[in-house]
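Listed below, chain by chain, are the residues.
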Amino acid sequence: MHGSASLPALHAAQPEDPQGTIGKWTSSAPTSRKRPPALFGQMAPSASETAAARLYEARMTILPHRGRHSCMRLHQEIAPRITWPTSPSRSRAATAATSSPSPAGTWGGSTGSHCMARSTRSGAGSWPGSPLPPPSPNRRAGAAAEPPSSPLVQSPTASLKSPARARAGAALQKEKEEAVPVDFAAQAGEASWDIHGHRLIDLFIACNVCLLRVGHLRKLEKAKGRFPRFQDLPASHPVGLQTFRSTDIVRGEELRRHLSGASDLFVVSHAWLTKEHPDPTGVRLEELVEELQRLEASSSDLVFLDFFSLPQVDSVHPEALLAAKLGRALPPWHEALRTEVQERDYQAAVAHMDMIYGSDKSKVIVLPELHDMDELEPHFTRNMLQFKNRGWCCFELAVARHFGTIVNDVPRRLQTFDPCSLLELASSGKIVFGLSSDMNKVLKVYKRTYFARKKQDLIRGIEMGNAEASREGIEQALQALSARVRSQVLHALGAACCRRFAPAIAPMLEDLDAGVRAEACFALSRIGLASTGQVDAVVARLKDSHHAVRCAACEAIQALGPDAEMHREAIAALLSDPTWTVREAAMLSLAQLKGALPLHVHASPVADSLFADVPSTRVSALSSLFQMGPSAAVHAERVLYVAKHDTFAFVRDAALLTLRKFGREDLVKEALEVGTQDAAASAGKKQEPPKEAPA
């Protein structure tokens, strides 16, 4: 409906907007969209107003159907020519965008819709580099509810409103006010790779990740509770907890329904306040709830936090405390440890932690402060190591900075953190991991983010012939989260004919992205298929679901030379493909094969393409028939028709050459006679004297 609507129709359908705001842009509620005010008056529109009207119509028509990228490109083309009418609300919005944090508590906030989730992380909540004011909030913050009657509400050991907490909060607020706003999305080093969050949702379901609703965290904070441990959350539907499970905890396939709908996902990067528990007094919970309130999070939004989202060791278990005091290890079957299944899920999540903090669906909240805790139970050990000196914290910050997913204000000391410095910090010992075994795991996961950020250096080295010197970086970049990075590295390897990287390129034929699979086929066609397994993998791509991959596979098999003859039947099966580009690629590949092709199998599908709408396809069909030679002469009459009546001269010439290949000089002469008669008729029309004008 929106795709075919005209601008006046859209203008008539939209409600008035007396406050002078842009409106609310959502992907699921078209009725909430509003038109720009004061742009379509009775007077003739100016050039600026016309550009604004075109931009608005594009947003209304393109955004629901073609995605935000098309709208972004059109916006970047038109937006610089727009001069928005001045109004008090716009003036306030512009002032807030340039001089102070937005009402959501971020430099740009996170109140945009799912379609604009990426853009709300930059500037004033609009498209990057846009002069537009931020969109109006499209959701209200959930109100604090009554304390839940749940066993998960745990009373902390100290008051949340202690003098130490007040002093720490005042210092933190002062530091944030003095900080210079940073556009993290503009500094992102890698393109969007999981816009709709499908890969992240699949990871959550596979690893049995648990998410809590913002509304439940608000209830816990009001009840002066603290974060529950993952194992303390109900895993099924026990009696009396159905309401809790349906309203406060989300896991399994329920995640897909919520995250694919209207719920936002907030991912928390925080420093554990003690070694046994991230927040024994509830002070971090209070800080998180305040931050969610500033970001105007809805009560139905979901939160990922390692302590309640992933299986954790119960370090405050009496036997665990005793074992730690005696320097002993608990038996593997102990209830304080993770079970075998939980350990497997935990390790799988750790191996893909960059996906959690780098997905376009994630809105990362960084909480680096170490709060003073006046009263602490004896079995808790205070962890005073700063956020910038902790391995896991620096990894999460590096990934979030690289992908531009941070949505809240961060202290000034962290705004200049270089995502590429993590390896250097780890090698120099400036960052510390809680477990020595975590260091290798984290750095292994981080390397694909690091080398994706170094993509241009890697490509430059490949072009200069130094690919072998950067083998580790190239192999890690081929595993980058962004399909664009993987495709660019594959293209560079293929263009440079890096034969030694064939074993690393072959697995990319199974990539989830069709563009990467096609680029892998092209790369292998340039460098040559080195093994039978690689040839079989390319032949399997002839049945790929995407037409571009099937075309690339045809070209790769054609590059095999004489060895491609054994795969002739597989290529010929594509002559009946529903996509004309695939049929053309198959005909071109068959035309390059030596020897006559069996008429009853290949000639008829090729001849059917003589009447395709695309002229290049007709030429490809003629080329294939030319290669078949006299064995395809049964289709000479159809070729003659093309030689006589085709609109394009180069197609007619190709048809004449094919007829000569068939040995049908009589048909060639007939076609030439028709061409001579048409030329004479055209010349005669040109030589006719002009008619005299009437007196």
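Because the structure is a prediction, the values reported are computed rather than measured. (Residues numbered from 1 in each chain as written. Predicted model: local features only at pLDDT ≥ 70, side-chain atom pairs only at ≥ 80, totals over all residues. Heavy atoms only, no water.)

(A) Inspection of the overall build of the chain at higher detail. Of regular secondary structure, the chain possesses 32 helices and five strands. Each of the 695 residues in the chain was classed as buried or not, and the buried ones make up 52%. For the chain, the share of sequence-separated contacts (at least 6 apart) that also reach a separation of at least 24 residues comes to 73%. For the chain, the exposed surface amounts to about 32,200 Å²; the carbon and sulfur share of it is 55%. (Helix = DSSP H or I, 4+ residues; strand = E, 2+ residues; numbered from the N terminus. Buried < 20%, exposed > 50% of the residue type's maximum accessible area, 1.4 Å probe, protein only. Contact = heavy atoms within 4.5 Å. Areas by Shrake-Rupley, 256 points an atom, 1.4 Å probe, with all protein chains shown as cover.)

(B) Up close: unusual backbone geometry. Positive phi is not limited to glycine here, since Asn208 has a value of about 55°. Residue placement: Asn208 occurs in the loop between α6 (198–206) and β1 (210–213).

(C) Region of the structure containing the pattern of salt bridges. Per the counting criterion, the structure on display carries 23 salt bridges. One salt bridge connects Glu253 with Arg256, and the closest N-O pair in it is separated by 3.3 Å. Of the residues examined, Arg256 reaches a relative accessible area of 29% and is grouped as partly exposed. Of the charged contacts, one joins Asp577 and Arg550 as a salt bridge, the two residues approaching to 3.1 Å between their closest N and O atoms. Highlighted residues: Asp577 in the loop between α26 (568–572) and α27 (580–592) and Arg550 in helix α25 (residues 547–558), separated in sequence by 27 residues. (Salt bridge = Lys/Arg side-chain N within 4 Å of Asp/Glu carboxyl O.)

(D) The arrangement of the confidence of the model for the chain in detail. Looking at the chain as a whole, its pLDDT mean stands at 73, while 66% of the residues score no less than 70. Residue range residues 179–187 is modelled with pLDDT below 50. Its contacts to residues more than four positions away, or to other chains, number 24 contacts. Confidence drops under pLDDT 50 across residues 686–695; counting only partners more than four residues distant or on other chains, this segment forms zero contacts. (pLDDT = per-residue confidence, 0-100.)

(E) Broad picture of the sheet that holds strand β3 (residues 265–270). The five strands lie next to each other as β2-β1-β4-β3-β5, forming an open sheet whose pairing is mixed. Every other strand in the sheet has two partners, leaving β2 (249–251) and β5 (362–367) as the edge strands with one partner each. Ignoring strand direction, the axes of neighbouring strands in this sheet form an average angle of 35°. Judged from the three bridges that link them, β1 and β2 form a sheet pairing that is antiparallel. Bridged to Cys210 within β2 is Arg251. Docked against the sheet, helix α15 (residues 391–403) engages β3 and β5, running at close to 140° with respect to β3. (Pairing = 2+ DSSP bridges. Axes fitted to C-alpha atoms, helices over the stretch in contact; angles between N-to-C directions.)

(F) Structural detail: helix α18 (residues 436–453). With 18 residues, α18 extends 26 Å between its outermost C-alpha atoms, agreeing within 8% with the 26 Å of an ideal straight helix rising 1.5 Å per residue. For α18, the principal kink sits at Tyr446 and spans about 35°. Turning to α18, its buried residues number three or more, namely Asp438, Val442, Leu443, Val445, Tyr446, Arg448, Thr449, Tyr450, Phe451 and Ala452. (Expected span 1.5 Å × (residues − 1). Bend = angle between axes of the 7 residues up to and from the residue.)

(G) Representation of the packing of helix α21 (residues 483–495) against helix α23 (residues 514–527). Running from N to C, α21 and α23 cross one another at 10°; their axes reach a closest spacing of 8 Å. It follows that α21 is roughly parallel to α23 by the angle criterion. On α23, the residues that touch Ala483, Arg486, Ser487, Leu490, His491, Leu493, Gly494 and Ala495 of α21 are Gly515, Val516, Glu519, Ala520, Ala523, Arg526 and Ile527. Across the contact of α21 with α23, the residue classes tally to eight nonpolar, four polar and three charged. (Parallel < 35°, antiparallel > 145°, perpendicular 65-115°, else oblique. Nonpolar A, V, L, I, M, F, W, Y, C, P; charged D, E, K, R; others polar.)

(H) Molecular detail of the nonpolar core. Counting residues in hydrophobic clusters, the biggest one holds 133 residues, and the most contacted among them are Phe204 and Phe304. Looking at this core element by element, the count peaks at nine residues for α15. Those residues in contact with Phe304 that sit more than four places away from it in its chain are Phe204, Val209, Leu211, Leu265, Phe266, Val267, Val268, Ser309, Leu310, Ile356 and Tyr357. (Core = buried A, V, L, I, M, F, W, Y, C linked by side-chain atoms within 4.5 Å.)

(I) Up close: the pairing of β1. Residues Cys210 and Leu212 point to one face of β1 and Leu211 and Arg213 to the other, with burial holding for every one of them. Alignment of β1 against strand β4 (residues 302–304), held across two bridges, turns out to be antiparallel. The residue of β4 that forms the bridge with Arg213 is Leu302.

(J) Main features of the side chain of Asp301. The topology assignment puts Asp301 in the loop between α10 (283–294) and β4. Its relative accessible area of 0% is what places Asp301 among the buried residues.

(K) Structural context of the environment of Arg344. In this structure, Arg344 sits in helix α13 (residues 340–351). Looking at Arg344, the relative accessible area reads 55%, which means it is exposed. Sequence separation of Arg344 and Cys207 is 137 residues, and the distance between their C-alpha atoms is 8.2 Å.

(L) A look at the packing of aromatic side chains. Tallied over the full model, the rule gives eight aromatic pairs. Taking 5.8 Å as the distance between ring centres and 85° as the angle between the ring planes, the aromatic pair formed by Trp392 and Phe395 counts as edge-to-face. Of this pair, Trp392 and Phe395 both sit in helix α15, three residues apart, roughly one helical turn. By relative accessible area, which is 0% here, Phe395 ends up buried. With centroids separated by 5.0 Å and ring planes inclined at 80°, the aromatic side chains of Tyr450 and Phe451 adopt a geometry described as edge-to-face. Each of the two residues, Tyr450 as well as Phe451, counts as buried. Among the aromatic side chains, those forming a connected cluster through ring pairs are Tyr446, Tyr450 and Phe451. Positioned over the ring face of Phe501 is Arg471, at 4.2 Å from the centre of the ring. Here the guanidinium or amino end of Lys661 rests over the ring plane of Phe626, the centre of that ring lying 5.2 Å away. (Phe/Tyr/Trp six-rings, centres within 6.5 Å; stacked < 30°, edge-to-face > 60°. Lys NZ or Arg CZ within 6 Å of the ring centre and 35° of its normal.)

(M) Looking closely at the packing of helix α30 (residues 636–645) against helix α31 (residues 649–662). Closest axis-to-axis distance for the α30/α31 pair is 8 Å, and the angle between their directions is 150°. In this view, α30 runs roughly antiparallel relative to α31, as classed from their interaxial angle. Relative to α31, the crossing made by α30 is left-handed. Of α31, the residues touching α30 (which contributes Ala636, Val639, Leu640, Val642, Ala643 and Lys644) are Val651, Arg652, Ala655, Leu656, Thr658, Leu659 and Phe662. (Left-handed = near helix turned anticlockwise from the far one by under 90°.)

(N) Fine view of α15. Under the 1.5 Å per step criterion, the end-to-end length of α15 is 19 Å for 13 residues, consistent within 8% with the ideal 18 Å. With 13 of 13 residues buried, α15 is to be regarded as a mostly interior element. In the stretch just after α15, Gly404 is the one whose phi turns positive, near 65°.

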